[in-house]
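Coordinate inspection notes
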Amino acid sequence: MEAVAEIDGFDQSSFTAMECELASFDSVRNFCRELDDFRQAKPLDRLICNAGVYQPSLSYAKWSVDGHEQTMQINYLSHFLMISLLMPTMYEAKEPRIITVGSVTGNDNTVGGSGVYPIADLKNLDGFRAGFANPIAMADGYGFIGAKAYKDSKLCLMLISNVLHAKYHKATGIAFSSIYPGCIAESPLFREKRTWFRKYFPLFMKYITGGFVGEEEAGQRLFQVAHDPRCSKSGVYWSWNGGPREGRGMEALEKGGQISGSGGAGGGWDSIFENDQSGKAQDVELGIDLFRFSTQVSGAEWPTPETVTSPCPTLQVIGSISKAMIDREETKRMAERPGFNADGTPVRLTRAKKTQLVADKVVGFTLKNTVGRAAGFLNRRLLGRLPTNAVEGSYQDAAQEQAIAV
């Protein structure tokens, strides 16, 4: 890390490198503990889940130390676990943001996501449902394809960002979003592709489609979503506007294709916009299942956000009194017709609740025959008697009721 900082001219006093092996859940947990100790009382304000591997040439699955398919754990499951562990450290931050890096290949409402096999598709999540452990290598439970494992992991990141937005944004104030920074065709992400592909694919993206984005510009886009005030909105998939081959021509040749904000990947800083997501990325039921199964596989422990309460002292006193009354009435209701537990078994009254019921009956009988009678007498004297119809119920006489019954 020191060598990279020296080459790129980074001030080493402005950052701290910490080790995290995303192929190990234990390493992720240890990283989160060390980060929590390092930050002390200062809240974490930004979390960008950007790390990823792409192994399209693999004909067989590689496994993590936890026994899960490597691409899905590194790209998605470990980030999922990390978010769950670091969220509580962000509650006190100003405009906290959690950003996941998606991909056009995981969004099948685009040419890049729907025109090249294999297509990102989690189906019914049968692989996750069954525990996603060796030999189960794919989220959908079917045969392994390296490129599909990558695309599925990106779809998972986009889908879970939407789930977290719906589940936690209002309660925590954290903005959850996903982005596609563009096709970084010259990055080491493609190091496992064939030599000819690594040579010609960047040229194709630069001069034909116009979708090429350099590593520096992609970094600028990550920075923008993390800090631009316009990007404080939650539940958004951010992209940069611009059509294929926009602003190309001779300028592209003169600059070697390195045009900021070029082509299908979008425009510059001011052209950021809220992009549409595919139906798969917005599938609510699939998202709920993904959250539940991912929690089981990764062992994530999600925080329970504190309930927002009114600061008014009077309302707090009234709320505490009404809660006790509501609890008593609910106990009575459950005695008359018990509810059911989550596993389908009937709710049984505990000894403490039975004692409370007896005490409530004694107190209620005493109050009804003392304070209640006095209150009733005063009520009738001051307000008058209730109309007979209000006490007896229906306005119809008995003959009419019988006629209707017949």
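Above this text you will find the structure in question.
Residues numbered from 1 in each chain as written. Predicted model: local features only at pLDDT ≥ 70, side-chain atom pairs only at ≥ 80, totals over all residues. Heavy atoms only, no water.

The helix and strand tally for the chain stands at 15 helices and five strands. Across the 406 residues in the chain, those meeting the buried criterion constitute 39%. Here the contacts in the chain between residues at least 6 apart in sequence split such that 74% fall between residues at least 24 apart. Surface accessibility of the chain: about 23900 Å² in total, with carbon and sulfur atoms responsible for 56%. (Helix = DSSP H or I, 4+ residues; strand = E, 2+ residues; numbered from the N terminus. Buried < 20%, exposed > 50% of the residue type's maximum accessible area, 1.4 Å probe, protein only. Contact = heavy atoms within 4.5 Å. Areas by Shrake-Rupley, 256 points an atom, 1.4 Å probe, with all protein chains shown as cover.)

Turning our eyes to something else, we now look at the side chain of Ser 239. Mapped onto the elements, Ser 239 comes out in strand 4 (residues 236-240). A distance of 2.9 Å separates a polar atom in the side chain of Ser 239 from a polar atom in the side chain of Asn 275. Beyond its immediate stretch of four places on either side in the chain, Ser 239 contacts Ser 271, Ile 272, Phe 273 and Asn 275. (Polar contact = N/O pair within 3.5 Å; in protein donor to acceptor, adjacent residues only side chain to side chain.)

Further remarks concern the nonpolar core. The biggest cluster of nonpolar side chains holds 61 residues, and the ones touching the most others in it are Tyr 76, Phe 128 and Trp 302. Mapped by element, the contributors of at least two residues to this core are helix 2 (25-39), strand 1 (46-49), helix 3 (70-86), helix 6 (146-172), helix 7 (195-209) and helix 10 (284-298). Counting residues per element, this core draws most heavily on helix 6, at 11 residues. If we skip the residues at most four places from it in the chain, Trp 302 touches Phe 80, Ile 83, Ser 84, Met 87, Leu 164, Tyr 168, Phe 291 and Thr 295. Listed in part, the 11 residues of the second largest apolar core include Cys 231, Val 236, Trp 238 and Trp 240. (Core = buried A, V, L, I, M, F, W, Y, C linked by side-chain atoms within 4.5 Å.)

The next subject is helix 3. Here helix 3 spans 22 Å end to end across 17 residues, near enough to the 24 Å set by a 1.5 Å rise per residue. Along helix 3, the largest kink reaches about 35° and is centred on Leu 77. By the N-cap criterion, in which a side-chain oxygen at the helix start approaches the backbone nitrogen of a residue two or three places on, helix 3 is capped by Glu 69, the distance to Thr 71 being 2.9 Å. (Expected span 1.5 Å × (residues − 1). Bend = angle between axes of the 7 residues up to and from the residue.)

Glancing now at the environment of Arg 198. Checked against the element boundaries, Arg 198 lands in helix 7. Overall, Arg 198 belongs to the partly exposed group, its relative accessible area being 37%. Apart from residues lying up to four places away in sequence, Arg 198 is in contact with Phe 190, Arg 191 and Lys 193.

This brings us to the sheet that holds strand 1. The five strands are arranged 1-2-3-4-5 in an open sheet whose pairing can be described as mixed. Lying at the two open borders of the sheet, with one neighbouring strand each, are strand 1 and strand 5 (272-274). Pairs of neighbouring strands in the sheet enclose a mean axial angle of 25°, with direction left out of account. As paired strands, strand 1 and strand 2 (residues 97-101) are joined by four bridges and run parallel to one another. Along strand 2, the bridge assignment pairs Leu 47 with Ile 98. Sitting on the sheet, helix 3 is in contact with strand 1 and strand 2, with an inclination near 170° to strand 1. Across the face of the sheet, helix 6 comes into contact with strand 2, strand 3 (175-179) and strand 4 while running at roughly 165° to strand 3. (Pairing = 2+ DSSP bridges. Axes fitted to C-alpha atoms, helices over the stretch in contact; angles between N-to-C directions.)

This part is about a nonpolar patch on the surface. Nonpolar side chains collect at one region of the surface, where Trp 196, Tyr 200, Leu 203, Phe 204, Tyr 207 and Ile 208 lie side by side and expose about 620 Å² of accessible area between them. In this structure, Ile 208 sits in helix 7. (Patch = residues over 30% accessible without salt bridge, like charges linked within 9 Å, V, L, I, M, F, W, Y side chains within 5 Å. Salt bridge = Lys/Arg side-chain N within 4 Å of Asp/Glu carboxyl O.)

Before going further, it helps to examine the environment of Ser 294. Following the sequence through the fold, Ser 294 ends up in helix 10. Exposure remark for Ser 294: the relative accessible area of 0% places this residue in the buried category. Polar side-chain contacts of Ser 294 include one of 2.7 Å to the side chain of Tyr 76.

A contiguous patch of negative charge, built from Glu 19, Glu 21, Glu 34 and Asp 37, is present on the exposed surface. Within the secondary structure, Glu 34 sits in helix 2. Classification of Glu 34 by relative accessible area gives partly exposed; the value is 36%. (Lys, Arg positive; Asp, Glu negative; His and termini not counted. Charge placed at Lys NZ, Arg CZ, Asp CG, Glu CD.)

Next up on the list: the pairing of strand 3. With five of its five residues buried, strand 3 lies for the most part within the structure. Alternating positions in strand 3 separate into two faces, Ala 175, Ser 177 and Ile 179 on one and Phe 176 and Ser 178 on the other, with burial throughout. Where strand 2 meets strand 3, five bridges bridge the pair, whose relative direction is parallel. Looking across to strand 3, one finds that Ile 99 is bridged to Ser 177. Sheet topology note: the strand 3/strand 4 ladder contains three bridges and is parallel. Across the sheet, the residue bridging to Ser 177 is Val 236, located in strand 4.

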